[in-house]
Amino acid sequence: MERKKGIPLMALIIFIVLLVAIIITCVVILGVKKSNNKGNNGEVVAQEENANNTTEQPSEDEEGEEITNEDIINQDEQIQKLYALTGNNKTFAKYAIYASGGFDQDNDNIKNDLKLQLAMAQVTNADMGGSSSKSVSKSKIEEYNKKIFTSEEAEKTTYSDFSLYDSDTNFTDIYKTIGYVYNSNDSTFEVKESEVTEDSTPSQITELITKVVKYDSKIEIYVKPIFVRTFYSPQIDAVGCEILGNYDFQLKEYPQSDSLIAIAYSDYEQVLKSDYAKDIDNYKFSEFSRNNIDLNKVSEYKYTFTKEDNDFKLKAFEKVTSLSEQNNSSNDGPKEMTAQEKETFNSKISSYVGNQMRGSEVKSLYDVIVSLNTENEGTSYIVTTKLNGEEAEGTGDELLENIKSQKDSIDTSKTYSVDATYKNQIITTVSITEN
């Protein structure tokens, strides 16, 4: 039998040497990788620390959840609660909101009377001690004021007399309650009434909710105003109503150019409105298009609520600029204001017009005028001021400084009469006279 040959000694030595080399190479490679991993782990930790130290982006940069479905909006309890804070569908509250021309807590231009009116809009019969009661306690108004506005804004409120509808006869002639008188002796607000018999179908200022956008730090509710002017129609021998997308708060009249439709009031109640469906804006959105009511003719506005202590408070109300308006504003050269733009411009001033304006309110008016003049620098839309008959003179920065000088001389312990002069349907001069 042939004998099996063994492994030659030289081959065995070579094999052992190669094996040792492979082991040494693997050890070196593993050592290098381990070192690299330590370095990479340090970079990852540094990146994580940098990420943790990044300041949270402002709410404007957040990814918001847009809600346009009417049923979802109506069923959302948070939206229901917040929208109620904007006036509880009360016409006097909506009048105050739209007559203000817009406001923002950051600009410190939320008028004292507006805060009182929105708080009063939350008051129930039970708060007043029954439907026959004529007064409500200051503490109840304070409570609602703090629910609507931030604690900082609520603390700045002065509790005093306030009127409704700005003496606008289109509303004071049909609504019995025209204001509230503050009684400091017992800290109550007493109803101030007119002698009219309140109409069962009065003209109204309402809103249609178009969408809601929810962010972590804020909630936006978009609306379109629906002005309802009621009247007796001999053609149908019943009450009719005209639905408009605008109201001129300066001239205190309904602009016919903004009329959307005229229908029987019964049709308005039974078709467009939806009290039975519990829509939070009391409207059936789909019925507007179904009845050929062009909502594209109506400007859109936005309520902004910001978070404070895990709750949301009303911060701002403003007109939303449409894409076409943005495109027009980007073109070179000054543009003639539209009727709506003139109304918005005027409303920022006209809400201060009156015979018993507090000195603090007059100072706020000066701030508004300075802001408007700064925004419209280089155009013809510049407002001059007269204080006790003396006009602030100059142009540009000189005029602004003279207006600011007048503001500094206002005595906050006194009251003033404020009048506005119009030219081409826009306010050009504001006259302020100490009482």
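Each remark here, short or long, concerns the structure printed above.
Analysis parameters
Here the residue numbering is sequential within each chain, running from 1 through the sequence in written order. Where local features are concerned, this predicted model is filtered to residues with pLDDT of at least 70; where side-chain atom pairs are given and counted, the filter is 80 or more; whole-chain, interface and lining totals use all residues. To obtain the side-chain values, all non-hydrogen atoms of the structure were used and water was disregarded. Elements are defined by DSSP. Helices are runs of H or I of four residues or more, strands are runs of E of two residues or more, and each kind is numbered from the N terminus. Note on contacts: a residue pair is in contact if any heavy atoms of the two residues lie within 4.5 Å. Areas reported as accessible are Shrake-Rupley estimates using a 1.4 Å probe. Residue values count occlusion only from the protein chains shown. What counts as a salt bridge is simple: a side-chain nitrogen of Lys or Arg found within 4 Å of a carboxyl oxygen of Asp or Glu. A 1.4 Å probe rolled over the protein chains alone gives each residue an accessible area, and that area as a share of the maximum for its type sets the label: buried under 20%, exposed over 50%, partly exposed in between. Only centres within 6.5 Å qualify two rings of Phe, Tyr or Trp (six-membered ring in Trp) as a pair; their planes then separate them into stacked at under 30 degrees, edge-to-face at over 60, and tilted for everything else. Over a ring means this: the NZ of a Lys or the CZ of an Arg is within 6 Å of the ring centre and within 35 degrees of the ring normal. At least two bridges found by DSSP between two strands is the condition for calling them paired. Axis angles are defined between N-to-C directions and span 0 to 180 degrees, where every axis is a line fitted to C-alpha atoms and, for a helix, only to the segment in contact. Small angles under 35 degrees read as roughly parallel and large ones over 145 as roughly antiparallel, with 65 to 115 read as roughly perpendicular and the rest as oblique. Gly counts as polar in this scheme, as do all residues outside two lists: the nonpolar Ala, Val, Leu, Ile, Met, Phe, Trp, Tyr, Cys and Pro, and the charged Asp, Glu, Lys and Arg. This arc describes the spread of directions from the helix axis toward the C-beta atoms. By the definition used in this description, the sense in which the near helix is turned from the far one sets the handedness, with an anticlockwise turn below a right angle giving left-handed and a clockwise turn giving right-handed. Buried residues of nine kinds, namely Ala, Val, Leu, Ile, Met, Phe, Trp, Tyr and Cys, make up a nonpolar core once their side-chain atoms join them within 4.5 Å. Pairs of N or O atoms within 3.5 Å make up the polar contacts considered here, provided that, within protein, one atom can donate a hydrogen while the other can accept it, and that residues adjacent in sequence are counted only when both atoms are side-chain atoms.

**A few points about the overall build of the protein**
A tally of helices and strands in the protein yields 14 helices and 17 strands. In the protein, 59% of the contacts between residues at least 6 apart in sequence involve partners at least 24 apart. When the accessible surface of the protein is totalled, it reaches about 24,300 Å², and 48% of it is carbon and sulfur.

**Here's the deal with the pattern of salt bridges**
Following the criterion strictly, the structure yields 26 salt bridges and no others. The partner of E401 in a salt bridge is K404, with the nearest N and O atoms 4.0 Å apart. Linking E401 with K404, this pair stays in helix 14 (residues 396–408), spanning three residues, or about one helical turn. With a relative accessible area of 48%, E401 lands in the partly exposed category. Among the residues examined, K404 registers a relative accessible area of 36% and is labelled partly exposed. Each member of the salt-bridge network shares a partner with another, and the members are D108, K115, E153 and K156.

**Things to note about the packing of aromatic side chains**
Tallied over the entire structure, the rule returns 23 aromatic pairs. When the centroid spacing of 5.3 Å and the interplanar angle of 75° are considered together, the rings of Y283 and F288 count as edge-to-face. Both residues of the pair, Y283 and F288, belong to the buried class. Ring plane angle 5° and centroid distance 5.4 Å describe the contact between Y301 and F317, whose orientation is recorded as stacked. In this pair, Y301 is assigned in strand 11 (residues 301–308) and F317 in strand 12 (residues 311–319), connecting sequence segments 16 residues apart. When its relative accessible area of 10% is taken as the criterion, Y301 is described as buried. Overall, the relative accessible area of 2% leaves F317 in the buried class. A cation over an aromatic ring shows up here: K111 above the ring of Y352, its NZ or CZ 4.6 Å from the ring centre.

**Structural notes on the sheet that holds strand 13 (residues 354–358)**
The strand order 13-16-17-14-15 describes an open sheet built from five strands, whose pairing is mixed. The strands lining the two open edges of the sheet, one partner per strand, are strand 13 and strand 15 (390–391). Relative to strand 17 (residues 426–434), strand 14 (residues 384–387) runs parallel, the two sharing four bridges. Counted as the bridge partner of T385 is V430 from strand 17. Of the strands in this sheet, strand 13, strand 14, strand 16 (415–423) and strand 17 touch helix 13 (residues 359–375), which is tilted by about 95° from strand 13.

**So, the packing of helix 12 (residues 339–350) against helix 13**
Across the interface, helix 12 lies against helix 13 with an axial gap of 9 Å and an inter-helix angle of 155°. By the angle class used here, helix 12 and helix 13 are roughly antiparallel. For the pair helix 12 and helix 13, the contacting residues are F345, K348 and I349 in the first and L365, V368, I369 and L372 in the second. Taken together, the residues of the contact of helix 12 with helix 13 sort by class into six nonpolar, no polar and one charged.

**Examining helix 6 (residues 138–148)**
Every buried residue belonging to helix 6 is among K140, I141, Y144, N145 and I148, and all of these are buried. Down the axis of helix 6, the buried side of the element spans an arc of 140°, and every buried residue falls inside it. Where helix 6 is buried, its residues touch helix 5 (112–120), strand 3 (135–137), helix 7 (151–155), strand 6 (188–193) and strand 12.

**Some points on the packing of helix 4 (residues 91–99) against helix 5**
In contact at an axis separation of 9 Å, helix 4 and helix 5 are set at 155° when each is read in the N-to-C sense. Relative to helix 5, the element helix 4 is oriented roughly antiparallel. Every pair of crossing elements has a handedness; the one defined by helix 4 and helix 5 is left-handed. Here F92, A93, A96 and I97 of helix 4 come into contact with helix 5, specifically with L114, Q117, L118 and M120. Partitioning the contact of helix 4 with helix 5 into residue classes produces seven nonpolar, one polar and no charged.

**Comments concerning the sheet that holds strand 4 (residues 162–163)**
Spatially, four strands are ordered 3-6-5-4 in an open sheet, and the strand pairing comes out antiparallel. The outermost strands of the open sheet, each flanked by one partner alone, are strand 3 and strand 4. As paired elements, strand 5 (residues 177–183) and strand 6 share six bridges and run antiparallel to each other. Its bridge partner being in strand 6, G179 is matched across the sheet by K192. Contacts from helix 6 reach strand 3, strand 5 and strand 6, with the element oriented near 65° to strand 3.

**Looking at the nonpolar core**
Soluble globular proteins tend to pack their nonpolar side chains together in the buried interior. Grouped together as the largest cluster of nonpolar side chains are 56 residues, with contacts concentrated most on M120, I141, F189, I221 and Y303. Looking at this core, the element that brings in the most residues is helix 4, giving seven residues. Those residues in contact with I221, other than ones at most four positions away along the chain, are I79, L82, Y83, I209, K211, V212, Y301, K302, Y303 and F305. Counting 26 residues, the second-largest nonpolar core is a separate cluster that includes Y352, L372, L387 and I426.

**Focus on the side chain of K214**
Relative to the elements of secondary structure, K214 occurs in strand 7 (residues 204–214). On the accessibility criterion, K214 (16% relative accessible area) is buried. A distance of 2.7 Å separates a polar atom in the side chain of K214 from a polar atom in the side chain of D76. A distance of 3.2 Å separates a polar atom in the side chain of K214 from a polar atom in the side chain of Q78. If near-sequence neighbours (up to four positions away) are discounted, K214 is found in contact with G64, E65, I67, D76, Q78, I79 and I219.

That's the geometry; what it means functionally is another story.
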